[in-house]
Amino acid sequence: MTTPHILPATVQDATHIAELHAGSWQATYAPWLPGEHVRDQLRREHAVLWRERLMRADDPALRIWKACPELADGPLAGFVCALSGADGILLDNLHVAAPWQRRGIGRALFQRVQRWATVLDPGAPLYLWVLARNLRAQRFYEQMGGSAGAVHPIAVSPGIEVPAVRYAWRPVKLRSERLESE
Ligand SMILES: CC(C)(COP(=O)(O)OP(=O)(O)OC[C@H]1O[C@@H](n2cnc3c(N)ncnc32)[C@H](O)[C@@H]1OP(=O)(O)O)[C@@H](O)C(=O)NCCC(=O)NCCS
């Protein structure tokens, strides 16, 4: 079990986050995507996505955290992004680099999002979509207390839809002294 540093990501992290995202897609999703050109397309889209999101540092409805396992400025082991919207708090992307998996980093990132959700909107559900074929991540989300719901196609890129399962969490009641204001 690693005790990672969970820190707000900044625009300086955009390249490393995009690279970790691309590597994770290659390792986890490649067999389920239709062809090499799609993976190249996704790589380009992810690079744009993370630069754009990380430049929105003053957006109160968006948070991105990174996990650095050794030092505050050490290597990037994982990241998570959360967005607040009309349907609740959407956890949109949680990736831990392969060498750092099964050391508690995914759990630490997930719990960081839960705490933020509780402070930002205590009545809002937390939810996410996970690809239907990604059974390992589904085991992880079940371990985090999530409940599986409907299966729907989701767009992973314009024109490319893949079946995904919705996982949801009821609003967490944390003791007030554990709440952090941001
Ligand atoms: C899913 C993922 C985020 C989990 O992160 P992680 O740091 O490896 O998970 P943790 O070490 O915090 O695991 C916490 C618990 O979840 C469960 N779990 C985690 N990975 C699991 C797996 N592959 N199979 C079964 N259970 C798993 C275990 O109960 C684990 O506790 P344990 O190790 O004490 O048994 C990570 O494996 C990952 O990035 N995968 C590739 C990308 C991905 O699929 N992301 C999800 C996108 S929706």
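Residues numbered from 1 in each chain as written. Predicted model: local features only at pLDDT ≥ 70, side-chain atom pairs only at ≥ 80, totals over all residues. Heavy atoms only, no water.

Re the site of the ligand
As a reminder, the rule being used: By convention in this text, a residue qualifies as near a molecule or strand provided that one of its non-hydrogen atoms is within 4 Å of it. Under the rule applied, a polar contact is a pair of N or O atoms within 3.5 Å (in protein, one hydrogen donor and one hydrogen acceptor; residues adjacent in sequence only if both atoms are side-chain atoms). For every accessible area listed, the method is Shrake-Rupley and the probe measures 1.4 Å; residues are considered covered only by the protein chains on display.
Residues in close proximity to the ligand total 22 residues, the closest being Leu 94, Val 96, Gly 104, Gly 106 and Asn 134. Here an oxygen atom of the ligand and a backbone polar atom of Arg 102 are 2.8 Å apart. Contact distances for the ligand include 2.8 Å between an oxygen atom and a side-chain N or O atom of Asn 134. For the ligand, whose unbound accessible area comes to 910 Å², protein coverage reaches 82%.

Some words on helix 1 (residues 14-28)
Note the threshold: Secondary structure elements follow DSSP: runs of H or I no shorter than four residues count as helices, runs of E no shorter than two count as strands, and numbering proceeds from the N terminus. Helix span, expected: 1.5 Å multiplied by one less than the number of residues in the helix. Each residue gets one of three labels from its accessible area relative to the maximum for its type: buried under 20%, exposed over 50%, partly exposed in between, using a 1.4 Å probe on protein chains only.
Given a rise of 1.5 Å per residue, 15 residues ought to cover 21 Å, and the 21 Å separating the end C-alpha atoms of helix 1 matches this to within 8%. Of all the residues in helix 1, the buried ones are Ala 14, Ile 17, Ala 18, Leu 20, His 21, Ala 22, Ser 24, Trp 25 and Thr 28.

Some details on the environment of Ala 148
Residue position: Ala 148 is located in strand 6 (residues 147-157). C-alpha of Ala 148 to C-alpha of Val 130: the two residues are 18 residues apart in sequence and 9.7 Å apart in space.

A look at empty space enclosed by the protein
Rules: Site definitions follow a grid-based scheme: protein atoms alone, a 1 Å grid, a 1.4 Å probe that fits but cannot get out for cavities, and for pockets an open set with protein on both sides within 12 Å along at least five of seven lines, plus lining residues having an atom within 4 Å of a point. Grid points are joined across faces, edges and corners, and a volume is the space filled by probe spheres set on the points.
Summed over all chains, the structure comprises two cavities of 30 Å³ or more. In terms of lining residues, the largest cavity is bounded by Ala 22, Trp 25, Gln 26, Leu 33, Arg 39, Leu 42, Arg 43 and His 46. Elements that contribute at least two residues to the lining of the largest cavity include exactly helix 1 and helix 2 (36-54).

Describing the layout of surface pockets
For clarity, the cut-off: Residue polarity follows a fixed list, in which Ala, Val, Leu, Ile, Met, Phe, Trp, Tyr, Cys and Pro are nonpolar, Asp, Glu, Lys and Arg are charged, and the others, Gly among them, are polar.
Empty space within the largest pocket amounts to approximately 1,200 Å³. Around the largest pocket, the lining is made up of 40 residues, and of these Tyr 29, Leu 94, Asn 134, Ala 137 and Tyr 141 lie nearest the centre. At the level of secondary structure, the elements contributing two or more residues to the lining of the largest pocket comprise helix 1, helix 2, strand 4 (88-96), helix 3 (105-120), strand 5 (126-131), helix 4 (135-143) and strand 6. When residues of the lining of the largest pocket are assigned to their parent elements, the largest contribution, seven residues, is made by strand 4. A per-class count over the lining of the largest pocket returns 21 nonpolar, 11 polar and eight charged.

Quick notes on the pairing of strand 3 (residues 78-85)
Put simply, the rule reads: Strand pairing is assigned whenever DSSP identifies at least 2 bridges connecting the two strands.
Among the eight residues in strand 3, six count as buried, and that is most of the element. As defined by bridge partners, strand 2 (residues 62-68) adjoins strand 3 across six bridges and the pair is classed as antiparallel. Directly across from Lys 66, in strand 3, lies its bridge partner Phe 79. If you look at the hairpin formed by strand 3 and strand 4, you'll find two residues sitting between the two strands.

Brief notes about the sheet that holds strand 2
The condition is simple: For helices, the axis comes from a line fit to the C-alpha atoms of the stretch in contact; other axes are also lines fit to C-alpha atoms, and the angle between any two N-to-C directions lies between 0 and 180 degrees. It only takes one pair of heavy atoms within 4.5 Å for two residues to be counted as in contact.
With mixed pairing, seven strands are arranged side by side in an open sheet as 1-2-3-4-5-7-6. Two strands bound the open sheet, and with one partner strand each, they are strand 1 (5-8) and strand 6. Each strand of the sheet is rotated relative to its neighbour by a mean of 30°, with strand direction disregarded. One ladder, built from four bridges, connects strand 1 with strand 2; its direction is antiparallel. Bridge pairing in strand 2 places Ile 6 opposite Ala 67. The sheet contacts of helix 1 involve strand 2, strand 3, strand 4 and strand 6, and relative to strand 4 the element is tilted by about 80°.

Interpretation in functional terms is not warranted from these geometric data alone.
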